[in-house]
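# Structure assessment
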Amino acid sequence: MMRLCTLFSALILLASCSGDSTASPSTPTATASPPAQSLQSAPPLDGVLTVAWIENNIPFVWRSDNAETIRQLNAEDVTQVALSPDGERFILVRDNRSDSQSMWLIDTNGGEPQPIQQDILSAPDNTALRIGQIRWVDDNSLLFNTSLLSSDFYGTPQNDLYRINIDDMMVERLLNAGEGGAFTVSPNGQQVAITFPGTYNETNGAVRLYTLTNNGGLSTIFNFAGVATGSHFPFYPHVTWVDDTTFRLAIPDPDQLYNENDEDAPPFVLYEVNDSADEQQIGAIRGSLFGVPVWNADGTKIAYLRRGTVNTFEIVVADGNGDNQQIINQGNAGFIGIPQWTSQGHLVTVTTRLNILRESGTAGEVVTSPIVGTPIIAGDVAVFSTRDNDDYALRYV
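This structure is a prediction, so every number in the text was calculated from the model and none was measured.

## Considering the overall build of the chain
- When its secondary structure is counted, the chain shows zero helices and 34 strands.
- Across the 397 residues of the chain, 50% fall into the buried class.
- Sequence separation of 24 or more characterises 41% of the internal contacts of the chain that already satisfy a separation of 6 or more.
- Carbon together with sulfur atoms contributes 43% to the accessible area of the chain, which is approximately 18000 Å² in total.

Rendered as structure tokens:
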């Protein structure tokens, strides 16, 4: 049975929950509230769901074991939060809009934020350091990378990698600029798959494997041609770990952007790669750069977007090798979200509103006001923001 709950609207808790996935929750009646930013949630631990977000650069937190309370934390100028797996604390990224960003640790129960010692980080003159991707490895350590912001207002990824050990609150450099990239941690927390994008028509991209144990170790285990994006932002393949030593990824033709609407365009090639650098092509699909294929946790299913008619996308589900494709929904460009899998194999999609495709194959729309932004998946829970005129609400299902 699906359970839909409203967390807050304009900082007023709405205790509206429904066991019927097609029923509308109570309509928020509070005054206008800004939308939640940098929404984060940890998988429920001992039945407790923790949600953190930012409003007007101030962090807030809510826990389901104290559902009547929304806690405002003592910090300002916050642009990003990263919640620990146990939901007990999180990293704050603070930005005074003139200098480089800084990182702080704070408990979800409150207290004063504690600064992370990041003297190792620096930025050249006329640039500002920006914290990029942040991922907790376990409750006591996390990884992040950085970019540099210059006068052209574009953040240039540094493709580096750093680690924070909570015990000493220090930043440790693991990989220099150019050695890292976008990263995904293996399920057992011991290996990191790092994608370096390459440059279209110039240099190849690569997937590198970094070992977090035994004093580290970096090796290139997969290569691909740089992909055109038509923008300042490079293409990073999405990596899905299917066990502790094996991941999957989909690689488009370098000219995919220019052939998006052509049914005869070269396909996305689906690969399986292990930590011994053994790679195998397992299938191919017609996809889109705007919704690249993602696998479920055990690799048996795949979901992705592909172009439909003019200005529309189709949401497609298939077997893990791309066979038995099924269109489950479609929507207009700008009003359709990238598919996401829950830990239990349910597929969460957005076409203005939230849709759930259960592992059993049954589907249904969660009836709420229109979705704002991208839902956050925490284990088998989806947390999302909705808007009704000028009122915003956070909900989970």
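## Let's talk about the environment of R63
- Relative to the helices and strands, R63 resides in strand β5 (residues 58-63).
- Considered as a pair, R63 and V51 are twelve residues apart in the sequence and their alpha carbons are 6.5 Å apart.
- When sequence neighbours within four positions are dropped, the list of residues in contact with R63 reads V48, L49, T50, G87, E88 and T108.

## Some words on the packing of aromatic side chains
- A full pass over the atoms with the stated rule returns six aromatic pairs.
- Ring geometry for W53 and F60: centres 6.0 Å apart, planes at 15°, overall stacked.
- Relative accessible area serves as the criterion here: at 0%, W53 is assigned to the buried category.
- Both rings, one in F144 and one in Y162, keep their centres 5.3 Å apart while their planes meet at 15°; by these two values the pair is stacked.

## Some points on the sheet that holds β5
- Spatially, four strands are ordered β3-β4-β5-β6 in an open sheet, and the strand pairing comes out antiparallel. Among the strands making up the open sheet, the edge pair consists of β3 (37-45) and β6 (70-72). Neighbour-to-neighbour, the strand axes of the sheet open up by a mean angle of 20°, direction not taken into account.
- Here β5 pairs with β6 via three bridges, running antiparallel. From the neighbouring strand, F60 faces β6, where its bridge partner is Q72.

## Some remarks on the sheet that holds strand β18 (residues 205-211)
- Read across the sheet, four strands follow the order β16-β17-β18-β19 without closing on themselves; strand pairing throughout is antiparallel. Pairing within the sheet leaves two strands with one partner each, and these edge strands are β16 (182-185) and β19 (218-224). Mean inter-strand twist for the sheet, computed between neighbouring axes without regard to direction, equals 20°.

## Side note on the pattern of salt bridges
- On inspection of all chains with the given rule, the structure shows eight salt bridges.
- Two residues, K301 and D319, come together in a salt bridge whose shortest N-O distance is 3.2 Å. In this pair, K301 is assigned in strand β25 (residues 301-307) and D319 in strand β26 (residues 312-319), connecting sequence segments 18 residues apart.
- The shortest N-O distance in the salt bridge between E314 and R306 comes to 2.8 Å.
- Using a relative accessible area of 13% as the deciding quantity, one classes R306 as buried.
- Put simply, R63, D65 and E88 are held in one network by salt bridges that share partners.

## Focus: the nonpolar core
- Within the largest apolar cluster, 19 residues are counted, with the highest numbers of intra-cluster contacts made by I91, M103, I116, F144, I164 and V171.
- Of all elements in the fold, only β8 (89-94), β9 (102-107), β11 (128-138), β12 (141-149) and β14 (161-165) reach the threshold of two or more residues within this core.
- If one sorts the elements of this core by residue count, β11 sits on top with four residues.
- Each residue touching I91, except ones within four places of it in the same chain, is listed here: Q80, V81, A82, M103, W104, L105, I116, W136 and L142.

## Observations regarding a negative patch on the surface
- A cluster of like negative charges, contributed by D243, D244, D275, D278 and E279, occupies part of the molecular surface.
- Position of D275 relative to the elements: it lies in the loop between β22 (268-274) and β23 (279-285).

## Brief notes about the pairing of strand β32 (residues 371-378)
- The pairing of β32 with strand β33 (residues 381-388) spans five bridges and is classified as antiparallel. Note that in β33 the partner of I376 across the bridge is V383.
- Hairpin geometry of β32 and β33 is characterised by an intervening segment of two residues between the two adjacent antiparallel strands and by a positive phi of about 65° at G379.

## Let's talk about the environment of L161
- One can find L161 in strand β14.
- When its relative accessible area of 1% is taken as the criterion, L161 is described as buried.
- Setting aside residues no more than four positions away along its own chain, L161 makes contact with L143, F144, E172, R173, L174, L175, F183 and I194.

## A word on the side chain of T146
- In this fold, T146 is placed in strand β12.
- A polar side-chain atom of T146 sits 2.6 Å from a polar atom in the side chain of D160.
- Those residues in contact with T146, other than ones at most four positions away along the chain, are L129, R130, G132, P157, Q158, N159, D160 and Y162.

Conventions adopted
Residues numbered from 1 in each chain as written. Predicted model: local features only at pLDDT ≥ 70, side-chain atom pairs only at ≥ 80, totals over all residues. Heavy atoms only, no water. Helix = DSSP H or I, 4+ residues; strand = E, 2+ residues; numbered from the N terminus. Buried < 20%, exposed > 50% of the residue type's maximum accessible area, 1.4 Å probe, protein only. Contact = heavy atoms within 4.5 Å. Areas by Shrake-Rupley, 256 points an atom, 1.4 Å probe, with all protein chains shown as cover. Phe/Tyr/Trp six-rings, centres within 6.5 Å; stacked < 30°, edge-to-face > 60°. Pairing = 2+ DSSP bridges. Axes fitted to C-alpha atoms, helices over the stretch in contact; angles between N-to-C directions. Salt bridge = Lys/Arg side-chain N within 4 Å of Asp/Glu carboxyl O. Core = buried A, V, L, I, M, F, W, Y, C linked by side-chain atoms within 4.5 Å. Patch = residues over 30% accessible without salt bridge, like charges linked within 9 Å, V, L, I, M, F, W, Y side chains within 5 Å. Lys, Arg positive; Asp, Glu negative; His and termini not counted. Charge placed at Lys NZ, Arg CZ, Asp CG, Glu CD. Polar contact = N/O pair within 3.5 Å; in protein donor to acceptor, adjacent residues only side chain to side chain.

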